[in-house]
Amino acid sequence: MAAEHDQMPVKEEEYLDVLTKTGEKTGISKPRGDVHRAGDYHRAVHVWIFAESTQELLLQRRADCKDSWAGLWDISSAGHISAGDSSLISAMRELQEELGVTLPKDAFELIFVLLQECTINDGKFINNEYNDVYLVTTIDPIPLEAFTLQESEVSAVKYLSLEEYRRVLAQEHPDYVPYDVNEEYGQLFMIIEKRYKENAEARSLTLDKQLNRYASTSLSAELTGLTAADKEALTLLVKAATIMDKIFYLQVWYSNPSLRDWLKENADKSQLDKLKWMYYVINKSPWSCLDENEAFLTTADSAVKLLPNAPKPVPGWKGLEYRTAFPAAKPPGANFYPPDMDKMEFNLWKDRLQEDKREEAMGFFNVIRRHSESLFEDTTSPKTENVTRSSHDLYVVPYSQEYNSLLAEAATLLCEAGEMASSSSLKRLLYSKADAFLSNDYYDSDIAWMELDSKLDVTIGPYETYEDSLFGYKATFEAFIGVRDDKATAQLKLFGDHLQVLEKNLPMDNIYKSENVTAAPIRVIQLLYNAGDVKGPQTVAFNLPNDERIVKDRGTSMVMLKNVSEAKFKLILKPIADVCIMEEQRDLVDFESFFTHTICHECCHGIGPHTITLLNGQKSTVRLELQELHSSLEEAKADIVGLWALRFLMDKDLLPKSLAKSMYVSFLAGCFRSVRFGLEEAHGKGQALQFNYLFEKGAFILRPDETFAVDFEKVEDSVASLSREILTIQARGDKEAARTLLQKYGVMTPSLKRALEKLETVQVPVDIIPDFPIANQILRDIN
């Protein structure tokens, strides 16, 4: 069942990468003929062209000279992935070479990977092939005369309806290359049929239900403390923040901006289109944050683009219209890495680099691209055979280059705002951040952000790394603009003043403790506007920067969003407590405990292991060692160590002991709030870990009436025990121990599931949708 496929002998035989039976590269490459004689596992691509309006697939008739399945009808286009080549580039090239159709990468949707194992030609041709199956969705069929067929590969093309093609395969028709539609290849038909058979009413009901998990709330603040000049600066800063949105959309997935624009333009066409747009705005992508990043849209909902010259022109035909594609499964590398790059390819490339270049490859402020991809898309010639042969196909592109035009525009706005700002520290921040956008060096601007002392509070730039779930290396752009709450900020000085004391007394071995923890400055603000990487569940606080160089030299700084916390407590946490917490403990859930723990959570990001020494004496960081597991474990650490720290401060008479019971019960109620974000989200998985661990230890109890309670006799020791376990894993950089802990406890257990089902029944909101009246008015005035 080789669908690739093979050519007449040529002077230089094609080499293929040999894989293990489970699909990993062995580091060996062999001539194509040797691979098939030996039955070595290797990779290939299948590309299907599907016409949406007629529900037809394009088939090619394989040339009579082929040494496998000669003269039979087969996939639109297919081919081996040559040694050193990438999957997507191979798909693009095969379509161009075999059919004369040149399409950009956003036309190709990877729908599944298929392993084919078969033997033909009396045992002389053994095909053990991993096939990356791509779908290209055109609006109408491409005229057959528009194709330019490669005679050595393809003798004819035709369209066949989806149903007819499934029927001939099921009947094992002798004119068609056989595929078992009852096994894995049946996914092709199921995926396409599901997209076009679901009715608008059913989809509308689903989207409406998903939207109702969010409670709309207006977030505003008093501007009386701002000078006239600061109010002028605010207008420019809101405008700059909208640019962070544009960059973030692009960071999520390369066809995401066109999807956003398409949904917005078509939102008024129907109720379903309106709901699609509304839910997309919350998630900023086609993947639902509260549903383990399950796609709520498909490529069939996506933008339509016209390419007049993709194949050769045909009189009276305007050209090829196609749907911009995105995969059903959210890509773990987002748009920071080539879409067909895996961890092994990255690590093999990175390990060959010099040390400074290796650090750059793993750095926060750049993307990884392919030479072959850019050369292929830029070329006008189909002769691209040698483009991907380089063993160094990957390369680094700094953010300042990747997002140059957008960052230049944002830098200009920040400089203009800096000229108006009344605070010298705000001026310094805005000027240095503008410089960083253009130079890609964020060190000085992050220090300036930590030292900000201004009534008008601004956080803008690349910070969090949650979107990079492949490695956790790459930072997304975001913006938070607010007015400092001076009274609340003054009240919180206690935590910063005692950070070193907390570090010294952490429940872990002294060898892992730092002797020089810098107190994290804490600012409390009333949020006026946010943008960029703020999607789905809204953050109530953040602790930055994440750059370990600065954490080591200067520590971190924290911003608390008090009006966001108040909205979440009122609209979500109190209703959760009414459903899930034992009646006798329900009144212990209060805003003071909730907000105080949130503060302590953010403080505790700044203590514990960051820069570490491995067993072999090598210096590293927790982030680099734990990679994609780092975010979930770090959120769990900040939470559980935050509880431990509050108890410690009470024991030292630095906080009122009256908080003790309320902080534990408020934390328990908060577990159900955070787990509802989904276990694919770092906070949700981290919270599940803590709940399940404390439940196993008997610190949390499920009562006969299916409410939960805190056992105050057991909770303190259980909190200390989990804190020690997580801190020790981080200090050792022990990725396997981190994985074991998360696999055991970061899961949906029956007790958690029952609690969430109860909340679903009474329709307690999962999170909030903030509305920003002041910023919205500014944007209306600008436009």
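For the structure itself, look to the data block above.
All residue numbers refer to positions counted from 1 along the written sequence of the respective chain. Local features in this predicted model are restricted to residues of pLDDT 70 or higher, and side-chain atom pairs are both shown and tallied only at a pLDDT of 80 or more, whereas totals for entire chains, interfaces and linings draw on every residue. Computation of side-chain values covers all heavy atoms of the structure but excludes hydrogens and water.

Colleague: Please explain the overall build of the chain as it appears in this structure.
Modeller: For the chain, the count of helices and strands is 30 helices and 26 strands. Computed over C-alpha atoms, the radius of gyration of the chain comes to 28 Å, within 12% of the 28 Å expected from 2.2 N^0.38 for 783 residues, which places it in the range of a compact globule. Considering only C-alpha atoms, the chain reaches an extent of 85 × 55 × 55 Å along its principal axes. For the chain, long-range pairs separated by at least 24 residues make up 74% of all intrachain contacts whose partners lie at least 6 apart in sequence. For the accessible areas, the method is Shrake-Rupley and the probe is 1.4 Å, while residue cover comes only from the protein chains on display. Split by element, the accessible area of the chain, about 31,200 Å² in all, is 50% carbon and sulfur. By the counting scheme adopted, Arg and Lys are positive, Glu and Asp are negative, and His together with the chain ends is not counted. By convention, charge coordinates are those of NZ in Lys, CZ in Arg, CG in Asp, or CD in Glu. Computed over 87 positive and 122 negative side-chain charges, the inter-centroid distance for the chain is 3 Å. Secondary structure elements are defined from DSSP: runs of H or I of at least 4 residues count as helices, runs of E of at least 2 residues count as strands, and each element is numbered from the N terminus. For this measure, only C-alpha atoms enter the radius of gyration; the expected value for a globule follows 2.2 Å times N^0.38, where N is the number of residues. The contact definition used throughout considers only heavy atoms, calling two residues in contact when any of these lie within 4.5 Å.

Colleague: Sorry, what's going on with the side chain of Thr-465 here?
Modeller: By secondary structure assignment, the location of Thr-465 is in the loop between strand E17 (456-462) and strand E18 (477-484). Classification of Thr-465 by relative accessible area gives buried; the value is 2%. Among residues more than four places away in sequence, those in contact with Thr-465 are Phe-364, Gly-472, Tyr-473, Lys-474, Ala-475, Arg-623 and Ser-631. A 1.4 Å probe rolled over the protein chains alone gives each residue an accessible area, and that area as a share of the maximum for its type sets the label: buried under 20%, exposed over 50%, partly exposed in between.

Colleague: What's the story with the environment of Leu-99 in this structure? I'm lost.
Modeller: Residue position: Leu-99 is located in helix H2 (residues 87-99). A relative accessible area of 0% means that Leu-99 is categorised as buried. Among residues more than four places away in sequence, those in contact with Leu-99 are Ile-49, Leu-58, Ser-76, Ser-77, Glu-94, Phe-147, Thr-148, Leu-149, Val-154 and Val-157.

Colleague: I would appreciate a short explanation of the nonpolar core in the present structure.
Modeller: Considering soluble globular proteins, one finds that nonpolar side chains tend to be buried as a cluster. Within the largest apolar cluster, 166 residues are counted, with the highest numbers of intra-cluster contacts made by Phe-346, Phe-437 and Phe-672. Other than its neighbours up to four places away in sequence, Phe-437 contacts Met-244, Ser-400, Leu-407, Ala-410, Ala-411, Leu-414, Tyr-442, Ile-460, Gly-461, Pro-462 and Phe-477. Membership of the second largest hydrophobic core comes to 50 residues, among which are Ile-49, Met-92, Leu-103 and Ile-282. We call a set of buried Ala, Val, Leu, Ile, Met, Phe, Trp, Tyr and Cys residues a nonpolar core when their side-chain atoms join them within 4.5 Å.

Colleague: Mind showing me how you'd approach unusual backbone geometry here?
Modeller: In most cases, non-glycine residues show a negative phi, while peptide bonds are predominantly trans. Residue Pro-545 follows Leu-544 across a cis peptide bond; omega there is -5°. With a phi close to 50°, Ala-334 is a non-glycine residue in the positive phi region. One can find Ala-334 in the loop between strand E14 (320-323) and helix H9 (343-351). Judged by relative accessible area, Ala-334 falls into the buried class, the value being 3%.

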